[in-house]
Amino acid sequence: MLQQSNFELQIKLNYSINSSLDLYFDTGNNFSQINKKRVNVNQGANSIKIPFTLKDGEHLKFIRLDFGENTKLSKVRIDELQLLGDKDVLFKLNEKNILKSIGFAKNISSIDQNIGVLNLETSVKPFDPYIVLKPIYELILPLWQRILLLVISWVILFFIPVYKWIKVNLNDFEVLFAALFISVILLKTAWLTLASIFMLTLGIITLLKYKSLYYNKANYLLVIFFLVPCLILGNGQFSKLAIPMTFVIFLLISMTIDFSDSLDEIKKIYTKVFIVFGSILIVYSVLFFCFDGYYYNIKFSNFFLDLRTNRHHLLYWVFYDHTTFISFFILIGQIFVLNLKKEKLVSIQYFVLYSILAVTSLLLLGSRFALLLGIMIMFLNYFSIRILKLILIPLYIIIFGFTIGFIKSIDPFRAKLWEISVSKAKENLWFGFGTGNSSEILPINLPIQKSGITTIMEINHSHNQYLSYLLENGLIGSIIIMVISLSLLYLYGKQNNKTLTLVMFATMILSIIESPFKTATPTYIICFILSVFSYKKEVHQKKP
């Protein structure tokens, strides 16, 4: 479709003055003057047709629209834009979806999405306003089609066991809802919320039916992760407690539903979901290197040279694309599959498959933290729980100290951000600035030198959970959280629960370089695992 000889761009637009419009079309040699078409545009409404031709072997990649050099032109309204091939309309955009179809813009201060108006920055010199549309193939193939082709296997593999559960045993709703929760981890947070509500509703129904509550020390300790931001709310608003409330929700779920007979099955479901995810990621990576990467001038040979930027191209098909947290979720699956293999509940082939997909996925996602933590987990898994109880806390202290000491060499961005966070925290050291106020205390963005170029990085939290608590809930709150984290690690070890011990250790390491409890999705996942996978119910009390 993109190797046709003749194309025609049809555009309906409105200029505030008489000016010009330049069409550049990229066929693999960037936007050269050779592939340029200029037309005059009158003041007011215009309906313009711009034909252009490709040479044999050329392949249309991008289209760019330049709005001239007249600084009196302050607004441009695009009512409709469509590209025609020899016979068919390849794509058609209206004023409401033009914004979503722009991949890059220069000297454009803002775009009114509802009416398709582009406001030009006339004060900028040199004045050269233009927009570059997304790759043409993305405009031709709707996003939902491309995603569906990749994830159809996920849908099928999820609904087959759902059908079996419903058909065979209606009492397996706790497994069904847990499976639903796991399968939507990489979708919008609303899906995780819905799955949590299903489990909570099942818990309430179960409580009313059996009048039984399950008590567990570990889950009560987890609730302190809610109590700290609640009791040391400071200048924060109660609406900022929405994410910490997750700890209470999963306390109620674990108190009313006994998952103890289904834990191995839930672990298998979790690992299967991330086997499917890893498979899709690798398949699309091959497609990207062979086809899609052509549109971004990215090949396998240069993909890893700027991995932080390039890796996001591989995740357009998932709504949740935070590479560090996705890598962490994969590592949790690795902990599960290690346990399943030890208990002889999965084959060695299954274990090898997950491990290969996990390592390959971590390399493609490019999280240095996840790679190092994954190696560490594999190594620690071969120690007995008795040895782990002795070494994990000292090991954590060493890693914490090493990261703080060498962060400037490891990650200059985080080093600068942590320095700012500590400086701001000192202004209200004991009780902090209030829950959820990190984004208001920290700068909106931070300039950082990257590959010799100053890059602007957006900021919404400290990228260190303990610093986030220090900034929002003060020294008192951060010390309490640190003590509770170490207590949970000790408690899981005392219960001889190697799986949760390693999960908790991994969470504490994650908290050094990220703020998982400032973001909804990782908070949901960590709460789900630490609550549902508690070693055993310590007290079972019947209420009259």
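Above: the structure in question.
One structure accompanies this document, and this report is about it. A quick note: this is a predicted structure, and the numbers were derived from the prediction, not measured.

Criteria and cut-off values
Residues numbered from 1 in each chain as written. Predicted model: local features only at pLDDT ≥ 70, side-chain atom pairs only at ≥ 80, totals over all residues. Heavy atoms only, no water. Pairing = 2+ DSSP bridges. Helix = DSSP H or I, 4+ residues; strand = E, 2+ residues; numbered from the N terminus. Axes fitted to C-alpha atoms, helices over the stretch in contact; angles between N-to-C directions. Salt bridge = Lys/Arg side-chain N within 4 Å of Asp/Glu carboxyl O. Buried < 20%, exposed > 50% of the residue type's maximum accessible area, 1.4 Å probe, protein only. Polar contact = N/O pair within 3.5 Å; in protein donor to acceptor, adjacent residues only side chain to side chain. Disulfide = S-S within 2.5 Å.

## Comments concerning the sheet that holds strand β5 (residues 62-66)
- What the 5 strands build is an open sheet, ordered β3-β2-β5-β11-β8; its pairing is antiparallel. Two strands lie at the open edges of the sheet, namely β3 (36-41) and β8 (102-106), each paired on one side alone. Strand-to-strand, the axes of this sheet are offset by a mean angle of 15°, without reference to chain direction.
- In the sheet, β8 pairs with strand β11 (residues 130-133) via 4 bridges, with the strands oriented antiparallel.

## Observations concerning the pattern of salt bridges
- Applying the stated criterion to the full structure yields 12 salt bridges.
- Measuring nitrogen to oxygen at the nearest pair gives 2.7 Å for the salt bridge that ties D22 to R38. Of this pair, D22 sits in strand β2 (residues 19-26) while R38 sits in strand β3, and the two are 16 residues apart along the sequence.
- A residue is classified by how much of its surface remains accessible, and D22, at 5% relative accessible area, is buried.
- In this structure, D411 and R414 form a salt bridge, with 2.8 Å as the shortest nitrogen-oxygen distance. There is no split in this pair, since D411 and R414 are both buried.
- Through salt bridges with shared partners, a single network forms among R308, R368, D411, R414 and E514.

## Re the pairing of β11
- On β11, burial covers both faces: Y130 and V132 on one face and I131 and L133 on the other are all buried.
- Sheet analysis places β5 next to β11, joined by 3 bridges and oriented antiparallel. Across the sheet, residue D66 finds its bridge partner in β11, namely Y130.

## Some remarks on the side chain of N497
- Checked against the element boundaries, N497 lands in the loop between α16 (465-494) and α17 (498-513).
- A distance of 3.1 Å separates the side chain of N497 from the backbone nitrogen of L500, its partner in a polar contact.

## Details of the state of the cysteines
- Evaluated as defined, the whole model comprises 0 disulfides.
- The cysteine C230 is free of any disulfide, with C527 supplying the nearest cysteine sulfur at 15 Å.
- A relative accessible area of 22% means that C230 is categorised as partly exposed.

## Here we look at unusual backbone geometry
- The omega torsion across K125 and P126 is -5°, close enough to zero to call that bond cis.
- Tracing the chain through its elements places P126 in the loop between β10 (117-120) and β11.
- Unusually for a residue other than glycine, N107 sits at a positive phi of about 55°.
- Structurally, the position occupied by N107 is in the loop between β8 and β9 (108-112).
- A positive phi angle is found at K211, which is not glycine, with a value near 50°.
- If you trace the backbone, K211 turns up in the loop between α4 (189-210) and β12 (212-215).

These values are about where atoms sit, not about what they do.
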